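# Notes for the structure review
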Amino acid sequence: MAIHVEHDMHRRRFSRNLGLGLVLAGFVALVFALTVVKVTNGARPHANDAKQNSGTFVEPAKTGTQP
Amino acid sequence: MTDIRSFEHHHEAQFGDYVQLLKPRVMSLVVFTALVGLLVAPVSLHPVEAFTAVLFIALGGGASGALNMWWDADIDAIMRRTQSRPIPSGRVQPGEALAIGLALSGISVVMLALATNVLAGALLAFTIFFYVVIYSVWLKRITPQNIVIGGAAGAFPPMIGWVAATGSVSLEAALMFMLIFMWTPPHFWALALFMKSDYGDAKVPMLTETHGRRVTRAHVWWYTVALVPFALALGFTSIGGNVYLAASVLLNALFLRGAWKIWHQDEDAAIADGYKLEKSVFRFSLIYLFLHFTALLVEAGLRGMGGI
């Protein structure tokens, strides 16, 4: 059996490959868009932010006098 | 084999066959209810986050559909209604369906958790687990109450949508869950009454086969009665209102009337008129659910405009 460059298998699988390609491209686009949104709206505090204010903060007594 | 002839079998799966594995018709219901759950929530997501959330809730539902088809391939091959599904018809290999189901489950859970929050991802994971393991593998073949329990899987999407937006489960989310959960049994049993099924051949215990049609008719009525309080209660929560309540009272009255007629319908009369009543109640039940969720959307729209 002769093997052609464009075998029948390639033709049969074209729609499947095209569909999968489009899905993957869409997924990449979605992750990119999601990343942009998360970074731009990233007002949420991150766990590491707390380290910038390291050290113990002791609230002064509101009433009474210091001994 | 390295010979190219090994690729020449004719039942090669096309892209559409893989889409069929995800049960697109079920996915459309999941998309709608999840979207409503997300939109009526008091916290609004960025449109991209909301789109991602609904997409992956739907994909998670689709993944559980693929896993269900993988597990049920033996009974799907027996029943006429399901013989043309991708696996029994030979277009997709069982192993492919399993791989796709597992991979999409993982992707959808992780993506939902990343796009919104971990609780929403965990709920989606539980939904997939519930539908595949608790319903498909465990209960579907051993109890005629399978429809009741299976309904829980279909009831989770609006709750997941709500949790995706708010980050927590609330009374509103629980009542949206209960609305679909309690609606499922009368909806499916109305269908079971007029659909000449071959569940018996496949050894799946359906109520019509195990307890008879008379008992099934009574079940349609009593489960509809049990549904009504949950449907109405949603109207008194923060996402309800006058529009929802008016729609719900009317829809529940009509559903109750239909269920009552089904209960008192004579079997011979039903056969004589080709199950006209059962078919109309089944169709109405779809409208019932659709309009309840549409009414919730209307209420959210009115709140957004400051109308109520």
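Residues numbered from 1 in each chain as written. Chains lettered and ligands numbered in written order. Predicted model: local features only at pLDDT ≥ 70, side-chain atom pairs only at ≥ 80, totals over all residues.

## Overview of the overall build of chain B
Scanning chain B from N- to C-terminus turns up 13 helices and zero strands. Across chain B, helices and strands are ordered from the amino to the carboxyl terminus as α-α-α-α-α-α-α-α-α-α-α-α-α. A compact globule built from 308 residues should have a C-alpha radius of gyration of about 19 Å, and chain B, at 21 Å, falls within 12% of that. For chain B, the C-alpha atoms occupy an extent of roughly 70 × 55 × 25 Å along the three principal directions. Per-residue burial for chain B yields a buried fraction of 45% across its 308 residues. (Helix = DSSP H or I, 4+ residues; strand = E, 2+ residues; numbered from the N terminus. Rg over C-alpha atoms; globule rule 2.2 N^0.38 Å. Buried ≥ 20, exposed ≤ 12 C-beta atoms within 10 Å, placed from the backbone.)

## Notes on the overall build of chain A
Within chain A, the regular secondary structure consists of one helix and zero strands. Here chain A holds 67 residues, and 0% of them are scored as buried.

## Description of the domain arrangement of chain B
Many descriptions give the size of an interface as the accessible area lost when the pieces come together. All names here are of chain B. Examined at the domain level, chain B breaks down into domain 1 (16-167) and domain 2 (170-308). Summarising the inter-unit geometry, the C-alpha centres of domain 1 and domain 2 are found 22 Å apart. Listed per partner, the contact involves 27 residues of domain 1 and 26 residues of domain 2. Among the elements of the structure, helix H2 (24-39), helix H4 (73-78) and helix H7 (146-166) are those that each provide at least two residues to the side of domain 1 that touches domain 2. Ranked by residues supplied to the side of domain 1 that touches domain 2, first place goes to H7 with 12 residues. Looking at side-chain class alone, the side of domain 1 that touches domain 2 contains 18 nonpolar, six polar and three charged residues. (Domains from an automatic or database assignment. Contact = placed C-beta atoms within 7 Å. Nonpolar A, V, L, I, M, F, W, Y, C, P; charged D, E, K, R; others polar.)

## Here we look at the nonpolar core
All names here are of chain B. Of all hydrophobic cores here, the largest spans 86 residues; its most connected members are Leu38, Ala53, Ile57, Ala66, Leu112 and Ile160. With 15 residues, the single largest contributor to this core is helix H8 (residues 171-194). Taken together, domain 1 (16-167) and domain 2 (170-308) each give at least three residues to this core, which thus spans both. Here Ile160 is in contact with Ala34, Gly37, Ile57, Ala120, Leu123, Leu124 and Thr127, once residues within four sequence places are set aside. (Core = buried A, V, L, I, M, F, W, Y, C linked by C-beta atoms within 7 Å.)

## Comments concerning the environment of B:Thr82
All names here are of chain B. When you line up the elements, Thr82 lands in the loop between H4 and helix H5 (94-115). Residues Thr82 and Ile57, spaced 25 residues apart in sequence, show a C-alpha to C-alpha distance of 25 Å. Those residues in contact with Thr82 that sit more than four places away from it in its chain are Asp76 and Pro88.

## Observations regarding the confidence of the model for chain B
Here chain B averages 92 in pLDDT, and 96% of its residues register 70 or above. At the level of chain-chain contacts, confidence expressed as ipTM amounts to 0.83, with global pTM at 0.86. (pLDDT = per-residue confidence, 0-100.)

## Observations regarding H8(B)
Helical periodicity: at 3.6 residues per turn, an α-helix aligns residues three or four positions apart in one direction. Residues and elements named next belong to chain B. For H8, which comprises 24 residues, the first-to-last C-alpha distance of 36 Å matches the rise-based estimate of 34 Å (1.5 Å per residue) to within 8%. Of all bends in H8, the biggest is about 30°, found at Thr184, and the proline Pro185 comes one to four residues later. H8 sits mainly inside the fold: 20 of its 24 residues count as buried. (Expected span 1.5 Å × (residues − 1). Bend = angle between axes of the 7 residues up to and from the residue.)

## Some details on helix H1 (residues 8-40) of chain A
Spanning 33 residues, H1(A) covers 48 Å between terminal C-alpha atoms, matching the ideal 48 Å at 1.5 Å per step. A bend of about 45° at A:Phe14 is the largest found in H1(A).

## Considerations on unusual backbone geometry
All names here are of chain B. Phi at Lys23 is positive, roughly 50°, even though this residue is not glycine. With respect to the helices, strands and loops of the structure, Lys23 is situated in the loop between helix H1 (15-21) and H2. When the 19 C-beta atoms within 10 Å are taken as the criterion, Lys23 is described as partly exposed. Here Tyr275, not a glycine, exhibits a phi torsion of approximately 55°, which is positive. Of note, Tyr275 is situated in the loop between helix H12 (267-272) and helix H13 (276-305). Judged by the 19 C-beta atoms lying within 10 Å of it, Tyr275 is partly exposed.

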